[in-house]
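Residue-level structure breakdown
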Amino acid sequence: MPQEFLCISYFDEILGPKVFHENTSLAEESDPPNLERILDFTEEEGNFVFAFRKYQTNNYIFYITSSEARGGQDMLMISYLIKAAYFKKEIVDVFNYLESKTPLLEEFASKLKEIKDLPLLLRSGRSNNTEYFEIAGKIEEVRQKFINLFRDFKEKIFYGDQFDTMSLKESNYKKIFIFGPRSAGKTLFLHNLEESQFKNQRNNDLPTVLFESVIGNMVILTYDCIERDFECTECHNYGGCIKNSNGFILIFDVTDQVTINEAVNQFENVIKKFIEEENRNIPLIIIGNKIENGQPIKENPFDNYFYLEGFQKDGIDLKYFIINVKDDKEANMNALRWLVKQMI
């Protein structure tokens, strides 16, 4: 199972952001990062560190001269990605480790700029562009130069094999699990956190713990996990949704009675299971998502439906919010900040 990735992306004037080459396909990973989105965020040349929940990345954007591009330049990005959870014993400070790779990423970019006809290679995969078949021999020559350079820098950049790989099942890897009815806003909540992290990455007010322990470790529980009482035979979380939990987030549509009832049922199943198996306190956020311009069924549905007082006596640290997950991104971050404070 790979823990490090090296990827080259570029902005195609016809196809838009596009992954060009990677040492291992991220598409085959569970919950893969969307690198193409980064090229939609910024056009500024240089590097930045960014977290995609399970993946922590250092990304270097640069430009190459291109007669194929309308503006005379192609925008490329080198991304070095790691799953920091696998390196917790070896890499103490993830930020500094990723930043230490910046000179190598800059050097890699400098060498890529020296490859003549690299813009042709970038566009050689267009299925509807027949003119490149006429220069197939030339493209293969450029491709080989690129592959050789890619392999050289992969060996320079990667952490290496000098550690004992440990599966999540064998480790004490902790996570924050998100659950709730379908279409309640769970995925949107995560995407908003990633976007806020990106826009504020150089803001000192965002603590390192938010980067390492929260966004990187957040996972949406599947319906199979809950319906099978967490005795799943096939599970990416290795059946550790209860034992390896550092916190829970429940999200539901506060404007719809059916989803409120489903949220109550899931809430009771998950939290009762945790109380039965784990003798410790744990923080829980309940988010009533006020979808679009809908009105909550009740002014305070939490006490009316979830019977919170009883669970608080059992060691559940509770906080609830009514927010519009889609539009109120600062409220998303405030909810997460509360969870972080309870965990540290």
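Residues numbered from 1 in each chain as written. Predicted model: local features only at pLDDT ≥ 70, side-chain atom pairs only at ≥ 80, totals over all residues. Heavy atoms only, no water.

Next up on the list: the overall build of the protein. A count of helical and extended segments in the protein gives twelve helices and ten strands. When each of the 344 residues of the protein is scored for burial, the buried share is 50%. If you take every contact in the protein between residues at least 6 apart in sequence, the share linking residues at least 24 apart comes to 72%. Entry remark: accessible area of the protein is about 17,100 Å², with carbon and sulfur atoms responsible for 43%. (Helix = DSSP H or I, 4+ residues; strand = E, 2+ residues; numbered from the N terminus. Buried < 20%, exposed > 50% of the residue type's maximum accessible area, 1.4 Å probe, protein only. Contact = heavy atoms within 4.5 Å. Areas by Shrake-Rupley, 256 points an atom, 1.4 Å probe, with all protein chains shown as cover.)

Attention shifts here to the nonpolar core. Counting 38 residues, the largest nonpolar core has Ile78, Tyr80, Ile82, Phe108, Leu112, Leu118 and Phe146 as its most contacted members. Listing elements by their share of this core, those giving two or more residues are strand E1 (4–12), strand E4 (55–65), strand E5 (73–82), helix H2 (94–100), helix H3 (102–113), helix H4 (118–123) and helix H5 (136–157). Considering every element that reaches this core, the biggest residue donor is H5, with eight residues. In this view, Phe146 contacts Ile8, Phe20, His21, Leu112, Ile115, Leu118 and Leu121; residues no more than four positions away in its chain are not counted. (Core = buried A, V, L, I, M, F, W, Y, C linked by side-chain atoms within 4.5 Å.)

A word on the confidence of the model for the protein. Taken residue by residue, the protein gives an average pLDDT of 77. The fraction at 70 or more is 75%. Looking at the elements of the protein, mean pLDDT is at its lowest for helix H7 (residues 208–214), recorded as 49, and at its highest for H3, recorded as 94. Between residues 161–173, whose pLDDT stays under 50, and residues either more than four places distant or in other chains, the model counts 17 contacts. Below a pLDDT of 50 lies the segment residues 204–213, which in the model reaches 28 contacts outside its immediate sequence neighbourhood of four places, other chains included. (pLDDT = per-residue confidence, 0-100.)

Counting buried residues in E4 gives nine out of eleven residues, a clear majority hidden from the surface. Bridge count between strand E3 (residues 46–52) and E4: seven bridges; the pairing is antiparallel. Bridge pairing in E4 links Phe48 to Asn59. Strand direction decides the pairing type here: E4 and E5, joined by ten bridges, are antiparallel. Of the residues in E5, the one forming a bridge with Asn59 is Ser79. (Pairing = 2+ DSSP bridges.)

With that out of the way, let us pick up the pattern of salt bridges. Considering all chains together, one arrives at six salt bridges under this definition. Ionic pairing is found between Asp74 and Arg123, a salt bridge with its closest N-O pair at 2.6 Å. Separated by 49 residues along the polypeptide, Asp74 in strand E5 and Arg123 in helix H4 bring together distant segments of the chain. As a salt-bridge pair, Arg143 and Glu140 come within 3.2 Å of each other at their nearest N and O atoms. Of this pair, Arg143 and Glu140 are both found in helix H5, three residues apart, which corresponds to roughly one turn of the helix. In this structure Arg143 comes out as partly exposed when scored by relative accessible area, which is 30%. (Salt bridge = Lys/Arg side-chain N within 4 Å of Asp/Glu carboxyl O.)

Moving on, we come to unusual backbone geometry. Trans is the prevailing form of peptide bonds, just as negative phi is the prevailing case for residues other than glycine. The backbone phi angle of Asp117 is positive, close to 70°, even though this residue is not glycine. Of note, Asp117 is situated in the loop between H3 and H4. A positive phi angle, near 60°, is found at Ser183, a position not held by glycine. With respect to the secondary-structure elements, Ser183 resides in the loop between strand E6 (175–179) and helix H6 (186–199). By relative accessible area, which is 69% here, Ser183 ends up exposed.

So, on to the sheet that holds E5. If you trace the five strands from one edge of the open sheet to the other, you get E2-E1-E5-E4-E3, paired in antiparallel fashion. Whereas interior strands pair on both sides, the edge strands pair on one side only; in this sheet they are strand E2 (16–22) and E3. Taken over all neighbouring pairs, the strand axes of this sheet differ in orientation by 25° on average, direction set aside. The strands touched by H3 within the sheet are E1, E3, E4 and E5, with E4 carrying the most contacts at an inclination of about 30°. (Axes fitted to C-alpha atoms, helices over the stretch in contact; angles between N-to-C directions.)

Taken in spatial order, the five strands of this open sheet run E7-E6-E8-E9-E10, and their pairing is parallel. Both outer strands of the open sheet, strand E7 (218–220) and strand E10 (316–323), are each paired with one neighbouring strand and no more. Adjacent strand axes in the sheet meet at a mean angle of 20° when their direction is disregarded. Looking at chain direction, strand E9 (residues 282–289) and E10 are connected through eight bridges and run parallel. Residue pairing across strands places Ile282 opposite Ile316, the latter belonging to E10.

Attention now goes to the pairing of E2. Across six bridges, E1 lies against E2 in antiparallel orientation. Within E2, the residue paired with Asp12 across the bridge is Gly16. Connecting E1 to the antiparallel partner E2 that follows it, the hairpin turn spans three residues.

Turning to the environment of Glu13, a few remarks are in order. As for its placement among the helices and strands, Glu13 is situated in the loop between E1 and E2. Classification of Glu13 by relative accessible area gives partly exposed; the value is 23%.

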